[in-house]
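Coordinates in review
Listed below, chain by chain, are the residues.
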Amino acid sequence: MSPMPRAAGRIAALVALVVALALAAPAAEAARPPAPRGVGPAAGATVAAAPALSWTPVRRAAQYEYQLAADSSFSSVVGGGQAFTHNTYASIVKTLADGRYFWRARGINAKGQAGHWSAVRAFTKRWTARPIPLAPVDGAAVSYPSTPIVLSWSGVPHAYKYAVAVATDPGMAHSALGARLQSVVTSGTSLALSIALAPGRYYWSVTPLDADLHPGTRSGIASFDRTWPTATAARVADLDASPAVFDPQFSWDPVPGAAAYQVEVSPSDDFAVGSKTCCDDSVSGTALSPRDLLPNNRYSWRVRAIDLDGNAGAWNEGPPFEKAFDHVTPTVPRLRLRDNLADTTPATLSSDGAPSTGAPVVAWDPVPGASSYSLTVAPWDPAGFCDWTSTIPRAKSFLTATTAWTPLASHSVGTPVGSAFGSGASDGAWSLSAGRSYCVRVRARTDRDGFGKEILSDWTQLGGSGRPAFTYTPPVQTCAAGTMPAGAYRGPTSGATLGRMPLFSWSAVPNACGYYVVVARDPSFTKVVDVALTNVPAYAPRTALGVTTYADETTSYYWAVMPTRDADGGGLMSASPEEDFPQSFQKRSAPPTLLSPVGGVDSARQPVFRWVRVDGARDYRIQVDDDPTFGSPLADVVTHSTSYVSSDALPADSVLYWRVRADDENRIGLTWSATQTFRRRLPVPAIAANPTGGEGIPVLSWAPVEGAVSYDMHVEQADGTKRDFTMRSTAFTPVTFYGTGVWHWQVRAAFRSGVRSVSGGYTSQQPFTRRIALPRAAKAVRSNRGILLSWSPTTMAHRYRVQIAATDSFSRVLETGTTTNTAWAPRMINPAFAAGGPLYWRVATVDEGNNLGGWTTAPLRRGKTLRLRLRGALRAGHRGHLRVIVTPASGKPLGRAFVTVRGAGVMLRPRHTDTRGRVILRMSPRIKGRVTVVAERRGYTPATRTVRVR
């Protein structure tokens, strides 16, 4: 064969192939499904939530693919919006942010070949439903603490949570919840603010959030006025009955909602800035005694309440008062001159009419409230006046805690105890001059005020104004060495017990021109507490510049007088004080008498500690402890007042111990009082009527407790776990709440105790049964060969779980889905969807903690009905037959129906009906009884008949 015919053959084959392919291409294209037509949502529709998508079924489509995107080019697929399904409905499983969206669908044939996309449709998701503020009503006054701030609003469909904002301005720019907290997100439709808020106007709004926290439309802005009635009756009382002392105690009626109180005391009627004299500490009780002494003046005072968040109420002014110390006549009672021998005025008078003495002792009775005294001795001028500023001879001022004064020697050449004590007390270069008359005046000193300045009384002059007190006439004698006779001691003699500082006196020792007085804590005089040199036979303890005090002792003091030859202490014959017949005495001040609380009393309010004033006390130390040994006091406070109210709460429900002692002028602690006990009973909140169950977040409330700074809530959850919350409001709403079962809650009040807090007792446990809401209005739509399930939104739903099953027991689940929206379209991949048998569906709410609520169940498709007819009879032990006819409800023959027989000892394999719906069952029943015949066919409800075997 020539080459030409071969080439022609190849060309012909190629042409035939091209023609075949050209003819095959339209055929293959024709096998692809055509483009569906979109049904819902309508083109350009605006929807409130992610909608279900639907389209028309198309020929040759075995399944469908759909896409949802935020752009028309479908490069931004959203919401899980791309999947394959056998359904002509598709649901979006996630929520969508507000905006414009695009979707399309296409069919896919049995070979996996994709058809054409439907025309792109667009819709706009705009969630416009907005919460409506319900309470407090706009502009309402909310009174603290009787009405806690509980904001409530209407629920919004599709809202999962709500963001609540509270501000101090209508523009909502300045958050009242704190600089770092612009809003509170909660799952409920009520919110109890955990803070108290200062009085004023506030604005609030609510923004719904969907399950993916996309914000919806904010509510309108509502306002409320926070008010706090803080008026109270203020009183001031004098705790001391003596007219010489004003010991103020401020008190007032309790203000509901007050956690503490502030008190200001000022000499200025208008409380000018910088004029405040008292008080820096706040107090949690309804009484206050200044711890520092107030200067003598006329005062105004006021009190105001402080709430749990430190917000102050209005000032309440109390009655003004006059504070004076020893404002009586005479200021120093029984100021008198005596000598070393007796407490009587010397009978001998000088030429100017003044008592003449060589051992002048100036004595007086204690001044109430005085801790020490100031005394001035000045020369009397014969012209008839006292020269209080004289320099030659010099006037001299002295301080003493003893209610007596004696002159000391002008100087000392040494001490009789060597290095056992420092230099002995003397008057330095000052001394009395023989034959000169002197004036004496005395005034009382009490504690220093809060600025460190002395509080003094007026002067009282011995003998009257301008009159001499005494003329100094020392004995004329030749100074010689001598010893102290045993009988020369006048007082205090051995065995004496003194309640205040002693006056030492003795009979003059012949020719002795000086005396050393030595006081010690032991009879060996190794613990010396005082040494003084005097030229007169009496000694009132003091120093030239300061005040001498002796501490109270449970053992004895010992004192001895050591005569000297010379006025400066020279010529001492005794080697030690033990040689001079020392005397002993005990120094024991009267302790404060405790007034309240005493006797183990229960104190429901903050206790006010009271005790009786002690003579000679500069201030007092009070200790409170739960240990009777006071090893680590809960309170250890120094105060000038005879009353004390703690600014901190004391431990509750335990026995507490307290005691008080006076501190003398040198702040040496004197004798402790007897210990008293009491029990602090911190109040328990009163529980009002509260919900005991529900589906949403409850508002739990209780009555405010006086003095509480916060509240602790203890919750025992249904799963056995425990939670604790702290708040400052008397109402509580958790911002998240999930699970089912019975919760129990209880609350207690907490009170300030230093930098910490102390709590009272819990209330009894209160139950709350939590339920998860059932979905309502369940609806199934079956159209366009598809299925769409929907329901109404439920309270606090995070998402929903949906199931479809072939049985109403849901033991054979065909498909399960989870969605955050309220519509769901199954993918219908399981063959049971096409079989025609009965189908059931159910939906349940899933809360934030992934807890499943109860199911709402409904039939989705009921199975077709089978009809079963039997002809024939059966006898035991005989062979017989039954003619079975199976038809649907229409009566047409139904072939391939599956027929089974059981009962009466029958053993027969299953059979199928023929094309006419018939089958003959031949059998030999062995016993009498009943035989049951069952007919089944896929997509139909089984039919059953029973035949009696005779």
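All residue numbers here refer to positions counted from 1 along the written sequence of the relevant chain. For a predicted model such as this one, the threshold for reporting local features is a pLDDT of at least 70, and the threshold for listing and counting side-chain atom pairs is 80 or more; totals across whole chains, interfaces and linings nevertheless cover every residue. Where side-chain values are given, they derive from all heavy atoms of the structure, hydrogens and water being excluded.

Broken down by element type, the protein chain carries two helices and 73 strands. With the radius of gyration taken over C-alpha atoms, the globule rule is written as 2.2 Å times the number of residues to the power 0.38. The C-alpha radius of gyration of the protein chain comes to 53 Å, more than 25% above the 30 Å expected for a compact globule of 950 residues. Oriented by its inertia axes, the alpha-carbon framework of the protein chain measures out at about 175 × 80 × 70 Å. Relative to its 950 residues, the protein chain shows a buried fraction of 50%. Two residues form a contact once any of their heavy atoms are found within 4.5 Å. Restricting to contacts in the protein chain with at least 6 residues of sequence separation, those with at least 24 account for 66%. Taken as two groups, the 100 positive and 68 negative side-chain charges of the protein chain have centres that lie 35 Å from each other. Helix numbers and strand numbers start at the N terminus; a helix is a DSSP run of H or I with at least 4 residues, a strand a run of E with at least 2. Burial status follows relative accessibility: with a 1.4 Å probe on protein chains alone, a residue under 20% of its type maximum counts as buried, one over 50% as exposed, and anything between as partly exposed. Only four residue types enter the charge count, namely Lys and Arg as positive and Asp and Glu as negative; His and the chain termini do not. Where a charge lies is defined by one atom per residue type: Lys uses NZ, Arg uses CZ, Asp uses CG and Glu uses CD.

To continue, consider the packing of aromatic side chains. Note on ring pairs: Phe, Tyr and Trp rings are taken, using the six-membered ring of Trp, and paired if centres are within 6.5 Å. Classes follow the plane angle, with under 30 degrees stacked, over 60 edge-to-face and the rest tilted. Applying the stated criterion across every chain, the model contains 34 aromatic pairs. For the ring pair W702 and Y711, a centre distance of 5.7 Å and an interplane angle of 65° mean the geometry is edge-to-face. One exposure class covers both W702 and Y711, and it is buried. Centre to centre, the rings of F737 and W743 are 5.2 Å apart; their planes meet at 75°, and the pair counts as edge-to-face. Note that R770 overlies the ring of F737, its terminal NZ or CZ placed 5.6 Å from the centroid. Charge-over-ring placement is defined geometrically: NZ (Lys) or CZ (Arg) within 6 Å of the ring centre, and within 35 degrees of the ring normal. Stacked on the ring of W855, the Lys or Arg R842 has its end atom at 4.0 Å from the ring centre.

Further remarks concern the sheet that holds strand β63 (residues 823-824). Across the sheet, three strands lie side by side as β59-β60-β63; this open sheet has antiparallel pairing. Each edge of the sheet is formed by a strand with only one pairing partner; in this case those strands are β59 (779-783) and β63. Paired strands are those between which DSSP finds at least two bridges.

What follows deals with the sheet that holds strand β67 (residues 880-888). Ordered in space as β70-β67-β66-β72, the four strands form an open sheet in which the pairing is mixed. Lying at the two open borders of the sheet, with one neighbouring strand each, are β70 (918-923) and β72 (940-941). Pairing analysis gives six bridges linking β67 to β70, with the strands arranged antiparallel. Across the sheet, the residue bridging to V884 is V919, located in β70.

The element strand β40 (residues 557-564) is largely enclosed, with a buried count of seven among its eight residues. Of the pairings in the sheet, the one linking strand β37 (residues 514-520) to β40 comprises seven bridges and is antiparallel in character. Each residue of the ladder has a partner; that of V517, found in β40, is V561.

Once that is clear, we can look at the nonpolar core. Formed by 47 residues in total, the largest nonpolar core has its most connected members in W252, V265, W301 and Y711. Secondary structure elements with two or more residues in this core: β18 (248-252), β19 (260-266), β20 (287-288), β21 (297-306), β53 (710-716) and β56 (741-753). Among the elements that take part in this core, β56 stands out by supplying five residues, more than any other. What we call a nonpolar core is a set of buried Ala, Val, Leu, Ile, Met, Phe, Trp, Tyr and Cys residues that are connected through their side-chain atoms within 4.5 Å. Of all hydrophobic cores here, the second largest spans 32 residues; its members include V417, Y515, V531 and Y550.

Our focus in this paragraph is the pairing of strand β58 (residues 766-770). Only one face of β58 is buried: it carries Q766, F768 and R770, and the other face, with P767 and T769, is open. The sheet contact formed by strand β51 (residues 693-694) and β58 spans two bridges and is parallel. By the bridge assignment for β58, G694 is matched with R770. Relative to β58, β56 runs antiparallel, the two sharing five bridges. Across the sheet, the residue bridging to W745 is Q766, located in β58.

What follows deals with the confidence of the model for the protein chain. Values of pLDDT, the confidence the predictor places in each residue, fall between 0 and 100. Within the protein chain, residue pLDDT values average 91, and 97% of them lie at 70 or more. Low pLDDT (under 50) marks residues 1-5, which in the prediction has one contact with non-local residues, meaning those over four places away or in another chain.

This brings us to the state of the cysteines. Only a pair of cysteine sulfur atoms within 2.5 Å qualifies as a disulfide here. For the structure shown, the criterion picks out three disulfides. Between the sulfur of C479 and that of C513 lies a disulfide, 1.7 Å long from S to S. Because the torsion about its S-S bond is -90°, the bridge between C479 and C513 counts as left-handed. Of the two residues, C479 sits in the loop between β33 (470-472) and β34 (489-491) while C513 sits in the loop between β36 (504-506) and β37, which places them 34 residues apart along the sequence.

Moving on: the pattern of salt bridges. Salt-bridge detection follows one rule: a side-chain nitrogen of Lys or Arg within 4 Å of a carboxyl oxygen of Asp or Glu. The tally for this structure, following the rule as stated, stands at 34 salt bridges. The partner of D602 in a salt bridge is R681, with the nearest N and O atoms 3.2 Å apart. Linking D602 in strand β43 (residues 601-603) with R681 in the loop between β50 (676-680) and β51, this pair joins segments that are 79 residues apart in sequence. Ionic pairing is found between D619 and R667, a salt bridge with its closest N-O pair at 2.7 Å. A residue pair is termed long-range when its members are at least 10 positions apart, and D619 in strand β45 (residues 619-625) and R667 in the loop between β48 (655-663) and β49 (669-672) qualify at 48 residues.

What follows concerns unusual backbone geometry. Backbone torsion omega between A135 and P136 reads -5°, so that peptide bond is classified as cis. Note that P136 resides in the loop between β9 (133-135) and β10 (140-143). Put simply, Y144 and P145 share a cis peptide bond, and its omega is 0°. Mapped onto the elements, P145 comes out in the loop between β10 and β11 (150-153).

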